[in-house]
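Working through the structure, step by step
Single-letter residue listing:
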Amino acid sequence: SLFKGPTGDIWVGSVTGLLRLSKRGFKRIKGTDGQLNLIIRAILEEKDGTVWVGTQFGLYQLQNDKLQRVAESPVSKTEVKALLLDHEGSLWVGSDAGLALLTKASWECSVLGNEIATRMVTALAQDSHGAIWIGVANPGTVFRIVGNHVFQYRQKDGLPPGVVNKFLVDREDSMWIGNSARGLHQLRPGRAVKVASPEISIGALPIVPDGAGGIWT
């Protein structure tokens, strides 16, 4: 997992833990137990400096340069695969156990009812119109939430087969999809168009903008 924070620092998550790349170079972040065996699946840094990290052991938060497990979260005992801070400041957490939402008041686990809440969530994004995009473990399946309405897209709607691993909304509001089986696709009206490149013909994860209109995967 890769994430560029609001101050320009780059967060790098891997199977061996969390790294922070700043002007002073790389720094490895330890867990509260001092071990480095956390597998980092997702990273998110808020504008106030709050850092959230999804791991195979649940949701963590960076405090005093150490990762502390968020024990009170409903995803504390399951693998967290995706994180999203929406336009209202609420934190969406996608995990093996489904979808959870942290508002300013409390955690909610059934914000979408049984249709999505209990599925394995693999990717999250929000577009400029406020719609929430959700990738789940079902191959070729994506959900989109607009207000109180939930829309589902499948292969018959133009999505490629395979599990969605990552979304990216670029500065032109175009949606990019990293697919576990078919590489990188760009979502256009009515269909998903594959990016023709042999280097990314298989799984595309993660997807990161470069600030100049391009993307890295």
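Now for a description of the structure that goes with this document. Keep in mind it's a predicted model, so treat the numbers as computed, not measured.

A tally of helices and strands in the chain yields 0 helices and 22 strands. Every one of the 217 residues in the chain was classed for burial, and the buried ones make up 45%. Counted over contacts in the chain with a minimum sequence separation of 6, partners at least 24 positions apart contribute 35%. Of the accessible surface of the chain, which amounts to about 11,400 Å², a share of 50% is contributed by carbon and sulfur atoms.

Think of a sheet as strands paired side by side through backbone hydrogen bonds, with each pair either parallel or antiparallel. The 8 strands are arranged β1-β2-β3-β4-β8-β7-β6-β5 in an open sheet whose pairing can be described as mixed. The sheet is open, and its two edges are formed by β1 (2–4) and β5 (40–45), each paired on a single side. Geometrically, the sheet is characterised by an average inter-axis angle of 25 degrees between neighbouring strands, direction not taken into account. By the bridge criterion, 5 bridges tie strand β3 (residues 17–22) to strand β4 (residues 25–31) in an arrangement that is antiparallel. Opposite Leu21, over in β4, you have Phe26 as the bridge partner.

The sheet built from 4 strands is open, its strands ordered β9-β10-β11-β12 with antiparallel pairing. Of all the strands in the sheet, just β9 (80–85) and β12 (107–108) have a single pairing partner and so form its edges. Of the strand pairs in this sheet, strand β11 (residues 98–102) and β12 are connected by 2 bridges, and their pairing is antiparallel. Directly across from Leu102, in β12, lies its bridge partner Trp107.

Let us now look at the pairing of strand β10 (residues 91–95). Counting buried positions along β10 gives 5 out of 5 residues, so the element sits mostly inside the fold. Of the strand pairs in this sheet, β9 and β10 are connected by 5 bridges, and their pairing is antiparallel. Across the sheet, Val80 pairs through a bridge with Ser95, a residue of β10. Hairpin connection, β9 to β10: the antiparallel pair is bridged by 5 residues, and Gly89 has positive phi, about 90 degrees.

Turning our attention to the packing of aromatic side chains. Under the criterion given, the structure shown has 2 aromatic pairs. Considering the side-chain rings of Trp133 and Tyr153, the 6.0 Å spacing of their centres and the 15 degrees angle between planes classify their relative orientation as stacked. With Trp133 in strand β14 (residues 132–136) and Tyr153 in strand β16 (residues 149–153), this pair connects stretches of sequence that are 20 residues apart. Classification of Trp133 by relative accessible area gives buried; the value is 10%. Taken together, the ring pairs connect Trp133, Tyr153 and Phe167 into an aromatic cluster.

Quick look at the pattern of salt bridges now. In this structure the tally under the stated criterion is 5 salt bridges. Where Lys81 meets Glu79, a salt bridge forms, and the shortest distance between an N and an O atom there is 3.5 Å. With a relative accessible area of 14%, Glu79 lands in the buried category. Taken together, the shared-partner salt bridges in this structure form one network comprising Arg41, Glu79, Lys81 and Asp96.

Ranked by internal contacts, the top residues of the largest apolar core, which has 13 residues, are Trp52, Leu59, Leu83, Leu91 and Val93. Where this core is concerned, the elements lending two or more residues are β5, β9, β10 and β11.

Our focus in this paragraph is unusual backbone geometry. If you check the backbone angles, Asn64 has positive phi at about 55 degrees while not being a glycine. With respect to the helices and strands, the residue Asn64 is situated in the loop between β7 (58–63) and β8 (66–69). Judged by relative accessible area, Asn64 falls into the exposed class, the value being 78%. Phi is positive for Asp65, close to 65 degrees, though the residue is something other than glycine. With respect to the element layout, Asp65 can be found in the loop between β7 and β8. Of the residues examined, Asp65 reaches a relative accessible area of 39% and is grouped as partly exposed.

On to the environment of Asn138, then. Turning to its location among the elements, Asn138 is positioned in the loop between β14 and β15 (142–146). Separated by 26 residues in the primary sequence, Asn138 and Val164 have C-alpha atoms spaced 8.7 Å apart.

Rules and cut-offs
The residue numbering used here restarts from 1 in each chain and proceeds along that chain's sequence as written. It should be noted that, the model being predicted, local features are given only for residues of pLDDT at least 70 and side-chain atom pairs only at 80 or more, the latter also being counted only at that level, while totals for whole chains, interfaces and linings use all residues. The side-chain numbers reported here are obtained from all heavy atoms of the structure, hydrogens and water having been left aside. Numbering of helices and strands runs from the N terminus; a helix is a DSSP stretch of H or I covering at least four residues, while a strand is a stretch of E covering at least two. Classification of residues uses two cut-offs on accessible area relative to the type maximum, computed with a 1.4 Å probe and protein chains only: under 20% is buried, over 50% is exposed, and between them is partly exposed. Note on contacts: a residue pair is in contact if any heavy atoms of the two residues lie within 4.5 Å. Computed by Shrake-Rupley with a 1.4 Å probe, the accessible areas treat only the displayed protein chains as cover when residues are assessed. Any two strands between which DSSP finds at least two bridges are classified as paired. For helices, the axis comes from a line fit to the C-alpha atoms of the stretch in contact; other axes are also lines fit to C-alpha atoms, and the angle between any two N-to-C directions lies between 0 and 180 degrees. Geometry of aromatic contacts follows a simple scheme: Phe, Tyr and Trp rings, the Trp one being its six-membered ring, pair when their centres are within 6.5 Å, and the pair is stacked under 30 degrees between planes, edge-to-face over 60, tilted otherwise. In what follows, salt bridge is the name for a side-chain nitrogen of Lys or Arg lying within 4 Å of a carboxyl oxygen of Asp or Glu. In this text, buried Ala, Val, Leu, Ile, Met, Phe, Trp, Tyr and Cys residues form a nonpolar core when linked through side-chain atoms within 4.5 Å.

Keep in mind that these numbers describe shape and distance, not what the molecule does.
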